[in-house]
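A structural walkthrough
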Amino acid sequence: MDVLNPVMWSVHVGFAVLWVGSVLFVTLAVLPPALRGDIGTAALDSVVGRLRWITRISALAFVLSGGHMAGTLYTFEAMTGTPRGHLVLTMLGLWFVGTGLVEVAGSKLADGLDADKLREPARDAKPFLYGASAVSVGLVVTAGLLASPTLF
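Residues numbered from 1 in each chain as written. Predicted model: local features only at pLDDT ≥ 70, side-chain atom pairs only at ≥ 80, totals over all residues. Heavy atoms only, no water.

1. Details of the overall build of the chain
Tallying secondary structure elements over the chain gives five helices and zero strands in all. Secondary structure elements in the chain, listed N-terminal to C-terminal, are α-α-α-α-α. Dimensions of the chain, computed from C-alpha atoms along their principal axes, come out at roughly 55 × 25 × 20 Å. Contacts spanning at least 24 positions in sequence make up 79% of the contacts within the chain whose residues lie at least 6 apart. As displayed, the chain has an accessible area near 8,200 Å², and 70% of this comes from carbon and sulfur atoms. With 10 positive and 10 negative side-chain charges, the chain shows a spacing of 6 Å between the two charge centroids. (Helix = DSSP H or I, 4+ residues; strand = E, 2+ residues; numbered from the N terminus. Contact = heavy atoms within 4.5 Å. Areas by Shrake-Rupley, 256 points an atom, 1.4 Å probe, with all protein chains shown as cover. Lys, Arg positive; Asp, Glu negative; His and termini not counted. Charge placed at Lys NZ, Arg CZ, Asp CG, Glu CD.)

Now the structure itself:
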């Protein structure tokens, strides 16, 4: 067993928890007051900026840690021809979609906030944040299936 694998697992899971938690927090705790106009534009801008940076730094961590794990734990045949490999590929696809949704939502919010608007950009970003939240829950479910020692 590669001695680096436990470190990579820890980095991967740590950033996954940070990213999923951040997406859900912004969607469930920050977006509703923004839609009502109950949060300041500066505060929302700060939260959105942090979410975007967490997403980008997590992307780098996922590529490095996930790439290492995939390269040491799977062959191409195992990745494309086994249920566990399919779950890994599913996670990869969900992660790409989720990252894209957060980036679009963040862009819509940032553009609107730059124009000193609040409710309109929040409304514009809402479907993208809801989608990113759904994808993040899908990632957690997929990770749980992948982590199950008895499923496969």
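2. Examining the UniProt feature "transmembrane region" (unreviewed entry) in the chain
With numbering aligned to this structure, UniProt lists the feature "transmembrane region" (unreviewed entry) at residues 12-32, 53-74, 86-106 and 127-147. Secondary structure content for residues 86-106 is 100% helix and 0% strand, while the C-alpha to C-alpha distance between its ends is 30 Å. With 100% helix and 0% strand, residues 127-147 has its two end C-alpha atoms placed 30 Å apart. (UniProt positions renumbered as here; feature names shortened; annotations may be inferred.)

3. A closer look at the nonpolar core
Trp19, Leu44, Leu109 and Leu129 are the most contacted members of the largest nonpolar core, which has 33 residues in total. Contributing elements (two or more residues each) for this core: α1 (5-36), α2 (41-73), α3 (76-81), α4 (83-114) and α5 (119-147). The leading source of residues in this core is α4, at nine residues. For Leu109, the residues in contact, after removing those within four places along its chain, are Leu44, Val48, Pro121, Ala122, Ala125 and Leu129. (Core = buried A, V, L, I, M, F, W, Y, C linked by side-chain atoms within 4.5 Å. Buried < 20%, exposed > 50% of the residue type's maximum accessible area, 1.4 Å probe, protein only.)

4. Focus on the pattern of salt bridges
Where charged atoms of side chains with opposite charge meet at close range, the side chains can pair. Under the counting rule described, the total for this entry stands at four salt bridges. A salt bridge links Glu103 to Arg52, with the nearest nitrogen and oxygen atoms 3.8 Å apart. With Glu103 in helix α4 and Arg52 in helix α2, the pair connects residues that are 51 residues apart, well separated along the chain. Its relative accessible area of 21% is what places Glu103 among the partly exposed residues. Note that Glu103 and Arg56 form a salt bridge whose closest N and O atoms lie 2.9 Å from each other. Here Glu103, found in helix α4, pairs with Arg56, found in helix α2; they are 47 residues apart in sequence, far enough to count as distant. Each of the salt bridges in this network shares a partner with another, and the network as a whole consists of Arg52, Arg56 and Glu103. (Salt bridge = Lys/Arg side-chain N within 4 Å of Asp/Glu carboxyl O.)

5. Regarding the layout of surface pockets
Approximately 770 Å³ is the volume found for the largest pocket. What lines the largest pocket is a set of 27 residues, and nearest its centre among them are His12, Gly66, Met69, Met91 and Leu146. At the level of elements, α1, α2, α4 and α5 are the ones that each hand at least two residues to the lining of the largest pocket. Counted by class, the lining of the largest pocket contains 23 nonpolar, three polar and one charged residues. (1 Å grid on protein atoms, 1.4 Å probe; cavity = no way out; pocket = protein on both sides within 12 Å on 5 of 7 lines; lining within 4 Å. Points joined across faces, edges and corners; volume = space filled by probe spheres on them. Nonpolar A, V, L, I, M, F, W, Y, C, P; charged D, E, K, R; others polar.)

6. Considering the packing of aromatic side chains
The geometry of an aromatic ring pair is captured by two quantities: the separation of the ring centres and the angle between the planes. Evaluation of the coordinates by the stated rule reveals two aromatic pairs. For the ring pair Phe62 and Trp95, a centre distance of 5.8 Å and an interplane angle of 90° mean the geometry is edge-to-face. You can see Phe62 sitting in helix α2 and its partner Trp95 sitting in helix α4, a full 33 residues away along the chain. Looking at Trp95, the relative accessible area reads 11%, which means it is buried. Residues Trp95 and Phe96 carry aromatic rings whose centres are separated by 4.8 Å and whose planes lie at 50° to one another, so their mutual orientation is tilted. You can call Phe96 exposed: its relative accessible area is 52%. (Phe/Tyr/Trp six-rings, centres within 6.5 Å; stacked < 30°, edge-to-face > 60°.)

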